[in-house]
Each structure stands twice: as structure tokens, then as C-alpha cells.
There are 10 protein chains.
Amino acid sequence: MPDTSLLETFPAPVGGTPDAPPIVIEHVSDEFTSLCPVTGHPDFGSVTLRYAPAPPPDGVCVELKSLKLYYQSFRSEGIFYEAVTNTIRDHLVDLMHPAWLQIITHWKGRGGIRSTVRAEFGDVPDEWRAR
Amino acid sequence: MPDTSLLETFPAPVGGTPDAPPIVIEHVSDEFTSLCPVTGHPDFGSVTLRYAPAPPPDGVCVELKSLKLYYQSFRSEGIFYEAVTNTIRDHLVDLMHPAWLQIITHWKGRGGIRSTVRAEFGDVPDEWRAR
Amino acid sequence: MPDTSLLETFPAPVGGTPDAPPIVIEHVSDEFTSLCPVTGHPDFGSVTLRYAPAPPPDGVCVELKSLKLYYQSFRSEGIFYEAVTNTIRDHLVDLMHPAWLQIITHWKGRGGIRSTVRAEFGDVPDEWRAR
Amino acid sequence: MPDTSLLETFPAPVGGTPDAPPIVIEHVSDEFTSLCPVTGHPDFGSVTLRYAPAPPPDGVCVELKSLKLYYQSFRSEGIFYEAVTNTIRDHLVDLMHPAWLQIITHWKGRGGIRSTVRAEFGDVPDEWRAR
Amino acid sequence: MPDTSLLETFPAPVGGTPDAPPIVIEHVSDEFTSLCPVTGHPDFGSVTLRYAPAPPPDGVCVELKSLKLYYQSFRSEGIFYEAVTNTIRDHLVDLMHPAWLQIITHWKGRGGIRSTVRAEFGDVPDEWRAR
Amino acid sequence: MPDTSLLETFPAPVGGTPDAPPIVIEHVSDEFTSLCPVTGHPDFGSVTLRYAPAPPPDGVCVELKSLKLYYQSFRSEGIFYEAVTNTIRDHLVDLMHPAWLQIITHWKGRGGIRSTVRAEFGDVPDEWRAR
Amino acid sequence: MPDTSLLETFPAPVGGTPDAPPIVIEHVSDEFTSLCPVTGHPDFGSVTLRYAPAPPPDGVCVELKSLKLYYQSFRSEGIFYEAVTNTIRDHLVDLMHPAWLQIITHWKGRGGIRSTVRAEFGDVPDEWRAR
Amino acid sequence: MPDTSLLETFPAPVGGTPDAPPIVIEHVSDEFTSLCPVTGHPDFGSVTLRYAPAPPPDGVCVELKSLKLYYQSFRSEGIFYEAVTNTIRDHLVDLMHPAWLQIITHWKGRGGIRSTVRAEFGDVPDEWRAR
Amino acid sequence: MPDTSLLETFPAPVGGTPDAPPIVIEHVSDEFTSLCPVTGHPDFGSVTLRYAPAPPPDGVCVELKSLKLYYQSFRSEGIFYEAVTNTIRDHLVDLMHPAWLQIITHWKGRGGIRSTVRAEFGDVPDEWRAR
Amino acid sequence: MPDTSLLETFPAPVGGTPDAPPIVIEHVSDEFTSLCPVTGHPDFGSVTLRYAPAPPPDGVCVELKSLKLYYQSFRSEGIFYEAVTNTIRDHLVDLMHPAWLQIITHWKGRGGIRSTVRAEFGDVPDEWRAR
């Protein structure tokens, strides 16, 4: 099952310019798989994580290999698309307390239906809405 | 005929962050077919459902396989494009009472004419208008 | 000549939600032909109709096969591009009294010149301007 | 030389709806050629005319074949890109007194440089600026 | 069920040149649907028919509207992809006795698997193999 | 009805090199329309003519404007796709007695079916087969 | 582990034309996953099966849903790409004894390396080599 | 009128390797215009010249600026597409006596018809046919 | 320096069908870097390995992770593109003694020059030449 | 002027397999400039060098940085496209005595004319002709 203990962080880099706006980070995984809670068949999709870390000195970033292992921990989980999206959002918000964060999942066709689910946290800038 | 008894829901996931904005869910079916009420010939199209569930604790999501079966129940129905779009909108609003919802249907050419019909419910955010 | 008697309507679908916004309907015909009033040679183009029906209980939609036959009635008509566009706009406004309506015609090259003509009625929402 | 006597007009179509907004007309010619006033070598380009006629009863439209012949009258004219654009703008404004008008010329490479020139008249709506 | 009585033919056009090679005809239908014989769920695909009629005076062509109605007669048939392809091949060979014929069906994803099936009759020229 | 009296020819250009191979000429018309002989509804398509004139001194070419008028003479003709293709092939072979000739017609969707028909005359070089 | 007991067949369709060439069948699955036998991390790829059944009366086809379930049985298997490809080839040859068969697997990047593996059986026609 | 006195040549470069195969040269002009001999209206097109010079010591190449001026000399000439193509072929063969030569002209739409004309001289290698 | 001790193999899978043709394996690494032996600056490129293992019982495959580590061992090596390609070819031929093998390297621009180098071993089938 | 003293070579890598076929090397420079010998204006183009070195022990490769400097030595040279191509061919053949070699130059538009020139040496394999 989803295992948040796999997730690790490191301090967000602190810029020399105190008032520089936060960096924006995007990680796209095309290799996500979980199980349908109704049929037990595997679901395949991609997960996009986009976020701005909290301002220094508290800002942290998720470590990439730990993120991969965390995503792999859904492999045998029976869980709806919507819950996958919401769960990852909540786990990563709890982990990083970012300035803002988006989780966007795209799912390959099931019964002829392709799906996309979006979950957000905080004040997502306009230029990232609906992207 | 369109059979709303096929539709099933599950509770929308509740995030650990009480004030998190609602998730946005999109399901695109490229395999919709009904019958023309005038000629009886089959129509072929796609149906896009996009919505945000109601806020917790009342929010629900439509279950994907039940949505597929519901769409299949139009297979032998003689019904105009506009009514297909409006009917699906109403049935899904009745089912989920979402925060907002869009139904967009695209129809392959009939007599050399391609068609698109859009129906909405609630306060659709600007970034989703005309998309 | 353009024959409005061919046009038929059916009541716009009435949603179960009284305050639902009107549906938006688009029909694109790639097979329009009329005659040049100056040279008598055939012109070829496409016609896009986009509209929102009047609110219930008066709202009506144009029936698709009747629209095709109406377009075909321009086949032997000598008429300028601008008048084609304006005439279709007026005929369909008279027929449906819609909330708003756009007619956009694209014409293949004549003498090395490609043309587009747009006519509107009512309060076209911003997201549909110049599209 | 540019010969405005070739230009002909016809009355803009008058809609049955008195307060209907003006139609918007666009003619794109991909076959424009004139001569460079410095070297005498031919220039090749395209000319886009976009305009809204004056409101009835004074509104007129330029007739398409006459527009083609007028453009052809630049064939032996030694004239700068900028002057071509401005001259066509002025000639067509004098001819039609439109509500607004745009002339946009694109020129193929000369000495490795591609060029675009825009000229306008009247109150061009926002949705057509820079297009 | 597949209803060959719907199929109609007309004599292949006879050219004024006795030794002219046969014409080659291709009809592509993007709107084919049948039912899965195992699950009963609808399948969606396209069907390409490519053939050369028999030489005169026996050559016939399938009439297009009758072909459409014949394809529609699979709508409620539970039948495998392979049998759809083979059946259409046999029915059309029986109907037309063509010089050669190809049936190529493409099927949308089922359980994450997209499929293509090809069946042929007679001596298909090299330039049409695997196309 | 198709009117071959509209067709005009001019002598194929004779090169200064007696043994030069024949020129190859291709005319593509995207604006062909005729009527369905079954339903009376208009059909829309494109016609590609590709040929090599007969060797001098007998070789002739079809004049382009006369070809356009000849194509326009199908406008009110009820005729199958296959017969359009074959008829144009025969008429142009009769007119020009070319070394070889191809007619390829593409037709927009009717009842969800797109069609292509090819007819040939003489010894079409390999590099032009199935193109 | 790979479970061939999941695989089911049905008789290949028998055409009415005794000497008709065999049909050619292609199934593409974009949702294959197994485990790396060295690291235990998941691998993701696609599997293309292309084959011609044995001639009647012995020819059989693999049933699509059973194929999906068979592919899913690799989900927890630690196995090299090459062995996946070879194993599927052997299992399906054992199951169907086809006239010929190809298995082509594409694998997403691992350590920055993308891979493709091909295995064949029988006399694959030239037009399908290296495709 | 086409003025061959404008054409200039320079010796084809002589390689240090006596038996080196001839170079292959291609010049594409997108800015060709002449007049229709029937209507007097301008035609617009492109001209592709591809050739191998004669072997040394007689081989010559056409100088590029002189080629441009030669092409410009068609600007006021009433001449058919076919004759343009054949004339340029003959003029350049007379000028250069090349090993082989191709002239390919593409013409923008006239009356809805786009045209291509090809003329050749000598033994054009297979890899350049129909390109 | 390139360290062949990093490379590991495993036995090529042995099919149940003794006369089955060998599998064909392709690994594409987009993340190769070495140093320019002249300037010391880093070069970036991709390496494609394509091969068929030796027939059983001697056939082996290179293990993917070991291949990645082997490629990484070029990171501090000053070496020409041509030598990289040749060296990898020789090392992998020595390692696997395959039926045939290709190494294709693509290199990003250095001083405005992009490069590709190909090296082969054994009898590469025609369908893989120049690909 | 073109300065061959800038060119340097290094021994072609010698494979451990004595009968291995020669490697094939391709260098594409997008940044070539010389001067028009008629007008003195700069020409811009790309140069593709493709070759197989002579067999060992005599085979050499051109060093990349020296090739860049050699190309740069054309910057102030007034020279025709054809001579650029031929000259580079001869210089590099003299330098390397390769098994075979191709030089392909593409030139940006001059006076509306784009050009390509190809020169070869030795027995170029079929798969590289006209590429």
C-alpha cells in the first residue's frame, strides 16, 4: 500500500536574492500502475507533480528516487483514480508544506474511456491552471 | 433507453487539508453511439464529462464502469444530439450534485455536417470555458 | 434559391435544473456550394453555425437533416460570399430566435484569394469571439 | 501602376435584424507581386484584407474579382513594402469607408530577410489585433 | 445479424477502351460497431474495403448506401474481430466475384489492446500489400 | 450532363531534343461535385488527372480552363463515383490519345464512408502506381 | 508467474473460398509490466503480437480477454526483456501452432536506455519484416 | 519574352579524381510568374531545376543570378504551364548540354485546379524519378 | 576508461521451437558522454546497440544495468567519436560473439557540426541497413 | 581561401575483428558561409560529409575541430556553390583516400532560389544514394 515512509526530502536551495520568487518544480512519471478497486485489473497512467517549495528557511524538496519508490508502492493497491490523485496530493503536502502544489493524473483507456484527474493545494498561479 | 439505474457513485476522496480546492475530474469516451430519431440510422460520437465534486462530506464521484454501462444504454435510443448532451448533463447532476459540470459531445459527420454540443451546470471556472 | 421552408426545428431540451445555462451547439458543413453572381462559376466553402437556443419554454433547435437540405438549396443561387453569410444568419435567427448565434463561412481560393466572412447575432460570449 | 478605377463595390448585405453587429470579411491573396524600387527586381508576397463594412444604408463591400485585378495592377510598380501596405489601406478606405479595416502583408525573403507590414484604419476590435 | 440481402450491386463501368486495366475502388468506414461474443460489450472499429471488379461484362460494384446498411446489420451481432473480417470478405466476394479484394479492420482498445485484422481474396497487386 | 464539347486541347510542346522523354502533367481539382444517382443528394470530391501526352507530332494537352468547365458539367449529373472516374478517364483518353493516363477520385464521407477510385489507361510507369 | 492456463482459443474463421490466403491478425498491448530480475524494480512496455493462423481445419485464434489476463500474469515476475519476448513467442506458438508469428516488445527507458526485442516463428512474409 | 541571352555559364568544377561521378545540382525557385495565354491573368508557381553537368572538360553550370534573371524574363509572357516547363528544359539543355536534367513546375490553383508538370532530358538516375 | 569488466551477460532465452530464428534486440541510450581528446570538453550523444545473439547453446545477451555502467565508464575518457563507436562494437562482439551487431552513435553539435557514426559486425540483414 | 593545411587526421579505429566492415561516418555542419563570386554577398548553407575510411592499416578519419576550421577558411572566399561542393570533396578525398565519400550542400535562398549540390567519390552503397 502507499508507503509515505519511503519519501525523503532535502532543503530547498536558498537563493542569494532574498526576495527571489520561489522555484517551480515539475516531475512527470509515465510509469504509474495501481489496481482497479472494482475489478482488480491493473490501471496504467502518468502522474505529474508540480509545486513551489515553501519560502526559506522551511522549504524542502522531495528527493527523486524516494518519489519513484513511493509511486511504486501503489502497484498492488486497489484504489480509484480520484483517490490516487487526492492521496498523492495529501501525502506530498504533508511531506513538504509547499507554497502550492498540483497533482495531475492521466489514465489510459478503460472500457473506451480516458480519464484525467487534477488536485491542487494552495494558491496555484494563473499560468499553471488547466495545464 | 438511457438507464440511470446503472450509475453508481463512491464518496469523493476527502483530503487531509480541509480547505483544499475540489479535484477536477475528466472522463472522455470515444465510443458513444445512439440512433437518429428522424432516420433511425446510427450516430457516432464522443462524450467528455468534466466536473468538480461537491465539497465534503457530500461529494461523490461517478464510478467509471457504471458510467460506461450507462453510456451503452443509449445504443438503441432514437435521440437528438442536443438531447443526448442535455440528458447526460441532467442525469449526472442528479446523481452527483457536483460543484460544477460540463458535458461536451462531438459527432462524426452526418450529411457532410460535423457537430459539437456543450451543456454546463454550476459555476464553471474560466480556465475550462470553451475547451 | 435559398428555401427557408426546408428548415425544421424541435424544442430545445429542457434540463431538470431550471437555472442551468443554455447549451451551445455547433454544426460545421464542409460541403457548401453556390454560384458567383458575377461569373456564374461555382464557389465552394464551409459554413459553421454556432448558437445558444433561447431559454425555455421557447427555445428551439434546427433539425440537422433540414439544415443540410437548406444549405443544398443555395446550389444554383448566384450570390456573394457576404450575402450567403448574412442570409443564413438572418434565416436562422428568424427560425430559432436564439440567445446568440454566429455564422462563419470559409471559401476556397478564387483568383488566388481565400476568404472568410463572419456574421453574428445577439450577445456572443467572449470565449467564442474570433474563433 | 496601382489602378483604383479597377475597384468595384456592391452594397453590404442588410440583415433583417436592425441591431445586428456588422459582418467581418477577410480576403487573403497569396499571389501578390510588385517590383523593388531600388533594384527593379520582383518582390513576392501575400496580402490580407480584413474589414467590417460601414453600417447600413451606406455600407459597401469590395467585389472580389475587381480586388484581384487591382492587386494585379501593382505588377509593374516599383514600390516599397511599406508603401504597398499603406497604399492599399488608403485606397480601400477611400473606396468603402468601412467601420474598420486591416491590411497585413507578408513578403518572401530578400537578401535573407522575411518581412511583415501591418496597417489599420478605425477601431479594430481587440480580438483582431496582432492577428 | 449480418444481412447480405441488404447488399446491392450495379454494373462496373465499362470503358470505351477495351483493354483498359480495371479500376481500383476503396471504401473506408470509420463507424463500425458489433458486440463482443464473450462479454456482450460493444466493439468499435473501422472497416476498409479495397477491390478491383471483375472484367466486363461480368464486373459489378457494391452500391455504397447498401454497403452502409450491411455494415449496420452487425450492430447487435456477437462476433469476434477475426470473424467480422472474414465474414465481410466472404460476403463481398460472393456478391461481386471481384478480380481481387482486401478487408482491413482496425479496432479500438479493449482491455488496453488495439487490434488489426486483414483478409484478402485473389491476386492482390504488390503495391497494395500491407497497406 | 458531362459535356465533352467543352474540352479543348493545344499541341503538346515539342522539345528541341527529338528523343526527349514525354512530359508528365498533373492537374488536381479539389472542387468537384455531382449528384448521387440513388438519393439525388450532392457528392463532393477531388479529381486528380495525371498523364503523358502522345509523342510529337500528334501529342496534345487538355487546356486548363476547358477542363474546369468540363468538370463543372457534372454538377447536376446523377452518377456513381466509379462511373465519374471511368467516364473522365474515357473522355480524356478519347480527347488526347495520351501515352498513359490516370484518374484518381477522392470522395468525402457519405454515411460515414470515405471512398477513393482509380482508373488508368496505357502503360503507367511504376513510379506513379498507387500514388 | 506467466500462466498459460489463462490462454483460450477459438477456431479461426473458415472462409467460403477454400483457397483464400490466411488472415493476418495484430494485437498491440500498451500496458505490459513485469519486474527487473536484477533490481526488482518494475519494467513497463508494450507487446505487439502479429500472426497468421494455421490453415483450416486446425487453425485457431487466441481470445483477446484471455490474452490480456495472460499478459497480466507477468506483473509480479522477475524476468529479462529478452525472456519476456521469447517466452510469449513460445507460449503462443504452443497454443496456436500458427502459420507464422511475431512478438515485438518495446520498453520504456531504464537507466536512460530504451529497448526493443523481436522474436519470430515460421515464414514471416517480407512485408512484415522489421515493422 | 523568355530571353536566353541572359543565361550565363561557368565551367563545372573539375575534380582531382578523374573518374569521380558527376555532381548533382538542384535549384528551386519559389517565385516564378508568367501570364495565362488564354485569359492574360498572371500565373504563379515554382520551378525546380535538377541536373548533372556534362563530364569534363566540356561540363558547364548555369550561373545562379543569370538563372534568376532568365526566369524573370517570363514575367510578361503569355504561355501555358506545359510550354514553360518544356521551354526551360530545352533552353537549359541547349545552354549546358548536361549529362541529364529535370524541370519540375508546381502551379498554384487556377479555377480550383493545382498543377504539376515534369520534363526531363537524358538518362535520369532511378533515385531521382518522380521526386 | 572504458571498463569491460563491468559488462555481464546472461544466456539468451532458448525457445521451445528449435529452428526458430534468433531474436533481435535493440538498446538505445540517450545519455552517453565522453571527452573530446583534442579540447577536453565533454561530448554528448546517443548509442544504439542492435544485435542478434549467437544460436543456442552459446548465445548470450548483455545485461542492461551492466551495459549502463559500461557506458558510464566512458565519462572521463578522451576519445574520438569514431573510436567510441568502434570500441563499443569490439567490446560487445568480444563479450557476446553475436550472430550480427550494429553500433550507431549520434552526437550533438560541436562547433556547429552534428555527427553520426556506424559500425557493424557479421551479416546484418538488409532490413536493418542504414536504419 | 580554403586552407587544407588546417585539416588533420587520426588513424581510423582498427577493430578486433579483422573482417569487420568499415564504419560509416557523417558530419553535418549547419553553419557554412562563403561569398558569392558574382556579387560578393555572403552565402549561407549546410555541408554534409559522409564517408567510410579506407581499410586498415591505411584508413584515417578527419579530426572534427580541424574540419570546422577548414570550413571556416571559406568565409572570405568568392566561390560558386558547385565549386564549394567539389572542392571540399576533392580536398577530403586527397586527405583521407576513403573507401567512398559524399558531400551534400544545401544553400539558403538567393534571389528566391534555394539550391542543393551533391558530389561523390568511390562506390557509394545503394542505401546512401539520394539521401
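What you are looking at is a predicted structure, and each value in this text was computed from that prediction instead of being measured. (Residues numbered from 1 in each chain as written. Chains lettered and ligands numbered in written order. Predicted model: local features only at pLDDT ≥ 70, side-chain atom pairs only at ≥ 80, totals over all residues. Heavy atoms only, no water.)

### Let's talk about the packing of aromatic side chains
Applying the stated criterion across every chain yields a total of 73 aromatic pairs over all chains. With a centroid separation of 3.6 Å and an interplanar angle of 5°, the aromatic rings of F10 of chain H and F80 of chain J are classed as stacked. With one member in each of two chains, F10 of chain H in strand β1 (residues 9-11) and F80 of chain J in the loop between α1 (64-72) and α2 (81-96) form a pair that bridges those chains. Ring centres 4.3 Å apart and planes at 5° place the aromatic pair Y81 of chain H and W107 of chain H in the stacked group. Of this pair, Y81 of chain H sits in helix α2 (residues 81-96) while W107 of chain H sits in strand β5 (residues 100-110), and the two are 26 residues apart along the sequence. (Phe/Tyr/Trp six-rings, centres within 6.5 Å; stacked < 30°, edge-to-face > 60°. Helix = DSSP H or I, 4+ residues; strand = E, 2+ residues; numbered from the N terminus.)

### Here we look at the pattern of salt bridges
By the definition in use, this model includes 38 salt bridges over all chains. Close ionic contact of E127 of chain C with R129 of chain B constitutes a salt bridge, the shortest N to O distance being 3.6 Å. Of this pair, E127 of chain C sits in the segment after β6 (113-122) while R129 of chain B sits in the segment after β6 (113-122), each in a different chain. A relative accessible area of 30% places R129 of chain B in the partly exposed class. For the salt bridge of R114 of chain H with D30 of chain F, the shortest nitrogen-to-oxygen distance reads 2.9 Å. (Salt bridge = Lys/Arg side-chain N within 4 Å of Asp/Glu carboxyl O. Buried < 20%, exposed > 50% of the residue type's maximum accessible area, 1.4 Å probe, protein only.)

### Focus on the relation of the copies chain I and chain G
Expressed as a screw transformation, the operator carrying chain I onto chain G has a rotation angle of 60° and an axial translation of 0.1 Å, and the superposed copies differ by an RMSD of 0.1 Å. What the rotation and shift describe, once combined, is the action of a six-fold rotation axis. In terms of C-alpha distance to the rotation axis, chain I has E127 of chain I as its closest residue, with the C-alpha 10 Å off the axis. (Least-squares fit on C-alpha atoms with pLDDT ≥ 70 in both.)

### Let's talk about the arrangement of the chains
At their nearest point, the C-alpha atoms of chain E and chain I are still 16 Å apart, with no contact between the two. With no contact formed, the shortest span from any C-alpha in chain G to any C-alpha in chain J equals 16 Å. (Contact = heavy atoms within 4.5 Å.)

### What about the interface of chain I and chain G?
Facing the 30 residues of chain I at the interface are 24 residues of chain G. Here chain I meets chain G over a buried area of about 2,200 Å², counting both sides, of which 59% is carbon and sulfur. Three residues stand out in chain I for area buried against chain G, namely F10, I23 and L64 of chain I, and they jointly supply 20% of the buried area on that side. There are one salt bridge connecting chain I and chain G. With eight residues, the single largest contributor to the side of chain I that touches chain G is strand β2 (residues 24-35) of chain I. Its residues placed into classes, the side of chain I that touches chain G shows 17 nonpolar, five polar and eight charged. As paired elements, strand β6 (residues 113-122) of chain G and β2 of chain I share six bridges and run antiparallel to each other. In the strand pairing of β2 of chain I, T116 of chain G is matched with E26 of chain I. (Buried area = accessible area lost by both parts, 1.4 Å probe. Nonpolar A, V, L, I, M, F, W, Y, C, P; charged D, E, K, R; others polar. Pairing = 2+ DSSP bridges.)

### Here we look at unusual backbone geometry
A cis amide bond links P56 of chain D with the next residue in sequence, P57 of chain D, at an omega value of 10°. Within the fold, P57 of chain D resides in the loop between β3 (42-52) and β4 (60-62). The backbone phi angle of H97 of chain G is positive, close to 45°, even though this residue is not glycine. Of note, H97 of chain G is situated in the loop between α2 (81-96) and β5 (100-110).

### Overview of the confidence of the model for chain A
Taken over all residues, the pLDDT of chain A has a mean of 91, while the share at 70 or more is 95%. ipTM for the predicted complex: 0.90, alongside a pTM of 0.91. (pLDDT = per-residue confidence, 0-100.)

### A few points about the side chain of S29 of chain G
Here S29 of chain G lies in strand β2 (residues 24-35). Separated by 3.4 Å, the side chain of S29 of chain G and the backbone nitrogen of E31 of chain G make a polar contact. In this structure S29 of chain G touches G112 and I113 of chain E together with G45, S46, V47 and Y71 of chain G, once residues within four positions along its chain are discounted. (Polar contact = N/O pair within 3.5 Å; in protein donor to acceptor, adjacent residues only side chain to side chain.)

### So, helix α1 (residues 64-72) of chain H
Looking at α1 of chain H, one finds that the buried residues are L64, S66, L67, K68, Y70 and Y71 of chain H. Looking at where α1 of chain H begins, the residue whose side-chain oxygen comes 3.2 Å from the main-chain nitrogen of K65 of chain H is E63 of chain H.

### Regarding the state of the cysteines
Applying the stated criterion across every chain, the model contains zero disulfides over all chains. For the unlinked cysteine C61 of chain G, the closest cysteine sulfur is that of C36 of chain E, found at 14 Å. (Disulfide = S-S within 2.5 Å.)

### Observations regarding the packing of helix α1 (residues 64-72) of chain G against α2 of chain G
Residue and element names in this part refer to chain G. Close contact between α1 and α2 brings their axes to 12 Å; oriented N to C, the two are set at 145°. Both α1 and α2 take part in a crossing whose hand is right-handed. Of α2, the residues touching α1 (which contributes L67, Y70 and Y71) are T87, I88, H91 and L92. Its residues placed into classes, the contact of α1 with α2 shows five nonpolar, two polar and no charged. (Axes fitted to C-alpha atoms, helices over the stretch in contact; angles between N-to-C directions. Left-handed = near helix turned anticlockwise from the far one by under 90°.)

### Examining helix α1 (residues 64-72) of chain A
Side chains three or four residues apart in an α-helix point the same way, a direct result of the helix having 3.6 residues per turn. All names here are of chain A. Looking at α1, one finds that the buried residues are S66, L67, Y70 and Y71. Taken down its axis, α1 places every buried residue within 140° of arc, on the same side. Contacts made by the buried residues of α1 are with β2 (25-35), β3 (42-52), β4 (60-62) and α2 (81-96). (Arc of directions from axis to C-beta.)

### Re the pairing of strand β6 (residues 113-122) of chain A
Residues and elements named next belong to chain A. The element β6 is extensively covered by neighbouring structure, given that eight of its 10 residues are classed as buried. Of the strand pairs in this sheet, strand β5 (residues 100-110) and β6 are connected by nine bridges, and their pairing is antiparallel. Within the sheet, the bridge partner assigned to T105 lies in β6 and is V117. Where β5 hands over to β6, the hairpin turn is made up of two residues, of which G111 adopts a positive phi near 60°.

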